[in-house]
Number of protein chains: 4
Amino acid sequence: MNQVHRFSLTVEFGDCDPAQIVWFPNFFRWFDAGSRRYFIACGVPTWQETEASLGIIGTPLVDTKARFVKPASYGDEIAVESTVSEWRGKSFVMSHRIFNAAGELLCECEEVRVFAERVAGDRHRIRAVPAPESIKALCAQR
Amino acid sequence: MNQVHRFSLTVEFGDCDPAQIVWFPNFFRWFDAGSRRYFIACGVPTWQETEASLGIIGTPLVDTKARFVKPASYGDEIAVESTVSEWRGKSFVMSHRIFNAAGELLCECEEVRVFAERVAGDRHRIRAVPAPESIKALCAQR
Amino acid sequence: MNQVHRFSLTVEFGDCDPAQIVWFPNFFRWFDAGSRRYFIACGVPTWQETEASLGIIGTPLVDTKARFVKPASYGDEIAVESTVSEWRGKSFVMSHRIFNAAGELLCECEEVRVFAERVAGDRHRIRAVPAPESIKALCAQR
Amino acid sequence: MNQVHRFSLTVEFGDCDPAQIVWFPNFFRWFDAGSRRYFIACGVPTWQETEASLGIIGTPLVDTKARFVKPASYGDEIAVESTVSEWRGKSFVMSHRIFNAAGELLCECEEVRVFAERVAGDRHRIRAVPAPESIKALCAQR
């Protein structure tokens with residue numbers, strides 16, 4: 001079991017569409033923020049630092065699926081809850097759930113991500129590497 | 001079998017992230033644009049007009065999944081190809097694929113959407129209705 | 001002199017561009033959030049409520065100018081400070097400044113906005129109205 | 001006198017806000033796209049290429065002002081027209097105007113930008129350099 005972390009945000013006017021509700025691509029912005037913040041909250045250094053120490057440049061997304069249950073609108077306080085729900089061979093699964101202030105589930109998402117490093121000699125190519133044990137240990141429930 | 005429609009766009013600098021590639025929530029912006037443009041290309045009137053004629057205010061998203069195969073960067077010309085791949089009882093499936101100028105698949109997405117109308121007496125509530133036969137006919141392959 | 005209000009936010013990976021710094025249109029997102037949050041912080045009801053009570057639907061932007069002094073990048077905590085710096089006849093000036101955690105100015109912006117109401121009989125037209133005295137009173141320094 | 005270039009785009013649903021019109025930070029996205037596309041249309045190589053040949057990494061924004069005249073909504077075809085209106089010592093002015101399909105001005109913007117190069121030995125610092133004569137020549141009216 002891994003740690004679970006949360007952050008909160010206020011939905012802004014500009015996050016909403018002509019139907020007056022959050023335009024769904026914005027939920028993916030917040031899921032992505034949840035992933036980055038999760039590792040920071042677990043004590044993993046920033047990707048700039050892991051690039052220097054471990055060669056890891058980040059966790060690109062391979063696959064994602066999301067389910068939208070209830071809308072939100074501007075002024076709403078929402079919470080994004082994230083965890084690593086599974087370590088696989090060369091990938092891992094991040095699960096996110098977003099709740100409103102009443103604790104109701106607005107949407108949930110499962111992302112398959114990989115830890116990536118650069119391919120030597122080609123600054124535009126990257127490849128997946130297994131999750132470093134040091135990072136897995138930092139994410140584990142304590 | 002339903003019609004398939006495409007539109008093209010140029011990836012902009014601001015669509016890309018510090019890894020120099022398209023930040024993935026932007027692909028969802030383009031999938032959403034693909035859905036709206038699909039119905040227009042099939043000859044379905046705008047949602048403003050269908051609201052007046054049929055009560056249909058649009059096609060909110062219920063569920064989505066996407067797979068990311070290859071990145072794109074700014075200056076790239078990409079094409080978004082969209083179709084209704086399945087009509088279900090009260091929902092339907094839109095499938096999108098995005099290709100680069102070399103014809104390589106960058107990502108693909110399946111969206112479950114519903115046609116929605118307002119709930120009388122409450123301007124903030126909507127409900128799913130079956131796809132109107134007139135809209136299904138417009139989308140069919142000719 | 002009017003009240004000054006602040007809110008904080010964390011710059012996210014997706015707010016940054018291939019130059020690794022905040023892509024400037026995002027600062028306008030935050031200036032706009034500052035304007036909406038300012039009136040809320042002063043005790044002005046939401047625009048949904050003022051539409052019912054005063055006919056005011058919001059404060060559309062007429063003119064804006066901004067100066068960018070220092071960049072920010074992801075992970076940075078920044079603060080957006082907003083005030084109404086001038087009431088004019090049918091418009092008013094909102095001034096925003098954004099600071100980093102070290103208190104350094106990142107950018108500043110002056111927006112000319114108007115209070116707007118709908119034109120009766122045409123749901124797509126709006127017109128500027130003088131700032132209601134009740135709203136000016138709420139914004140005044142206490 | 002310098003060349004003037006235009007590109008067109010369709011306003012999407014997600015570019016619009018709860019007031020049903022384009023949310024103004026999106027106009028700054030399009031002004032920024034206009035600046036990058038302008039140099040490409042004049043025959044200036046991409047910034048990736050000028051970084052290798054001239055050390056120029058792009059044209060960061062220093063100052064901007066915009067005036068909003070008329071709104072746009074989704075489905076509208078709009079055109080962004082851009083030019084370099086002035087070369088200064090270490091900066092230059094880009095002017096943009098956005099029109100709807102009827103040729104009406106929606107908004108206009110003046111940006112002060114600089115050509116920038118990296119500061120040797122510090123990959124996070126950049127400095128302004130005078131506009132290269134080769135680039136000025138490419139932009140001149142022919």
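Up top is the structure.
Residues numbered from 1 in each chain as written. Chains lettered and ligands numbered in written order. Predicted model: local features only at pLDDT ≥ 70, side-chain atom pairs only at ≥ 80, totals over all residues. Heavy atoms only, no water.

Trainee: Can you explain the sheet that holds strand 6 (residues 105-113) of chain D? Please cite residues and give values.
Mentor: Pairing in this open sheet of 10 strands is antiparallel, and the strands run 1(C)-4(C)-5(C)-6(C)-3(C)-3(D)-6(D)-5(D)-4(D)-1(D) from one edge to the other. Where the open sheet ends on each side, the last strands, each with one partner, are strand 1 (4-10) of chain C together with strand 1 (4-10) of chain D. Sheet twist, expressed as the average angle between the axes of neighbouring strands with direction ignored, equals 15°. Note that strand 4 (residues 77-87) of chain C and strand 5 (residues 92-100) of chain C share 9 bridges and pair antiparallel. Considered in strand 5 of chain C, the bridge of Ser82 of chain C is made with His96 of chain C. (Pairing = 2+ DSSP bridges. Helix = DSSP H or I, 4+ residues; strand = E, 2+ residues; numbered from the N terminus. Axes fitted to C-alpha atoms, helices over the stretch in contact; angles between N-to-C directions.)

Trainee: Can you break down the sheet that holds strand 6 (residues 105-113) of chain A residue by residue, with the values?
Mentor: Strands in a sheet are paired, the pairing made by backbone hydrogen bonds, and the direction either parallel or antiparallel. Pairing in this open sheet of 10 strands is antiparallel, and the strands run 1(A)-4(A)-5(A)-6(A)-3(A)-3(B)-6(B)-5(B)-4(B)-1(B) from one edge to the other. Every interior strand has two partners, whereas the edge strands, strand 1 (4-10) of chain A together with strand 1 (4-10) of chain B, have only one. Within this sheet the neighbouring strands show an average axis-to-axis angle of 15°, counted without direction. Bridge count for strand 3 (residues 61-68) of chain B against strand 6 (residues 105-113) of chain B is 7 bridges, and the pairing is antiparallel. The partner of Thr64 of chain B across the bridge, within strand 6 of chain B, is Glu111 of chain B.

Trainee: Tell me about unusual backbone geometry, and name the residues and values.
Mentor: Residue and element names in this part refer to chain A. Phi is positive for Gln20, which is not a glycine, with a value near 75°. Residue position: Gln20 is located in the loop between strand 1 and helix 1 (25-41). Exposure remark for Gln20: the relative accessible area of 22% places this residue in the partly exposed category. (Buried < 20%, exposed > 50% of the residue type's maximum accessible area, 1.4 Å probe, protein only.)

Trainee: Please give an account of the state of the cysteines that cites residues and values.
Mentor: Residue and element names in this part refer to chain C. Inspection of every chain in the model, using the stated rule, returns 0 disulfides over all chains. Of all cysteine sulfurs, the one in Cys107 lies closest to Cys16, which takes part in no disulfide; the gap is 13 Å. Using a relative accessible area of 1% as the deciding quantity, one classes Cys16 as buried. Distance from the sulfur of Cys139, which forms no disulfide, to the nearest cysteine sulfur (Cys42) is 4.1 Å. (Disulfide = S-S within 2.5 Å.)

Trainee: Describe the relation of the copies chain A and chain C, with residues and values.
Mentor: The transformation that overlays chain A on chain C combines an axial shift of 0.0 Å with a rotation of 180°, and the residual RMSD is 0.0 Å. The transformation relating the two chain copies, once decomposed into turn and shift, fits a two-fold axis. Considering only C-alpha atoms, the residue of chain A closest to the rotation axis is Leu9 of chain A, which sits at 4.3 Å. An overlap of 100% is found between the interface residues of chain A and their copies at the interface of chain C, pointing to a shared contact surface. (Least-squares fit on C-alpha atoms with pLDDT ≥ 70 in both. Contact = heavy atoms within 4.5 Å.)

Trainee: Give a detailed account of the packing of helix 1 of chain A against helix 1 (residues 25-41) of chain B, specifying residues and quantitative values.
Mentor: Interhelical geometry of helix 1 of chain A versus helix 1 of chain B gives an angle of 165° and a closest axis separation of 8 Å. Between helix 1 of chain A and helix 1 of chain B, the crossing angle belongs to the class labelled roughly antiparallel. Between helix 1 of chain A and helix 1 of chain B lies a crossing of right-handed hand. Mapping the contact onto sequence places Pro25, Phe28 and Arg29 of chain A in helix 1 of chain A and Pro25, Phe28 and Arg29 of chain B in helix 1 of chain B. Considered class by class, the residues forming the contact of helix 1 of chain A with helix 1 of chain B number 4 nonpolar, no polar and 2 charged. (Parallel < 35°, antiparallel > 145°, perpendicular 65-115°, else oblique. Left-handed = near helix turned anticlockwise from the far one by under 90°. Nonpolar A, V, L, I, M, F, W, Y, C, P; charged D, E, K, R; others polar.)

Trainee: So what about the environment of Val11 of chain B? Which residues, and what values?
Mentor: Within the fold, Val11 of chain B resides in the loop between strand 1 and helix 1. Under the relative-accessibility criterion, Val11 of chain B is labelled buried at 0%. Between the C-alpha atom of Val11 of chain B and that of Gly75 of chain B, which follows or precedes it by 64 residues, the distance is 5.5 Å. Sequence-distant contacts of Val11 of chain B, that is, excluding residues within four places in its chain, are made with Cys16, Val22, Trp30, Ala72, Ser73, Tyr74, Gly75, Asp76 and Ile78 of chain B together with Arg36 of chain D.

Trainee: Please provide a residue-by-residue account of the pattern of salt bridges, values included.
Mentor: Inspection of every chain in the model, using the stated rule, returns 52 salt bridges over all chains. Close ionic contact of Arg36 of chain B with Glu12 of chain D constitutes a salt bridge, the shortest N to O distance being 3.0 Å. Residue Arg36 of chain B is located in helix 1, and its partner Glu12 of chain D is located in the loop between strand 1 and helix 1 (25-41); the two belong to separate chains. Residues Arg36 of chain B and Glu12 of chain D agree in their burial class; the two are buried. One salt bridge connects Arg97 of chain D with Glu81 of chain D, and the closest N-O pair in it is separated by 3.0 Å. Of the two residues, Arg97 of chain D sits in strand 5 (residues 92-100) while Glu81 of chain D sits in strand 4 (residues 77-87), which places them 16 residues apart along the sequence. (Salt bridge = Lys/Arg side-chain N within 4 Å of Asp/Glu carboxyl O.)

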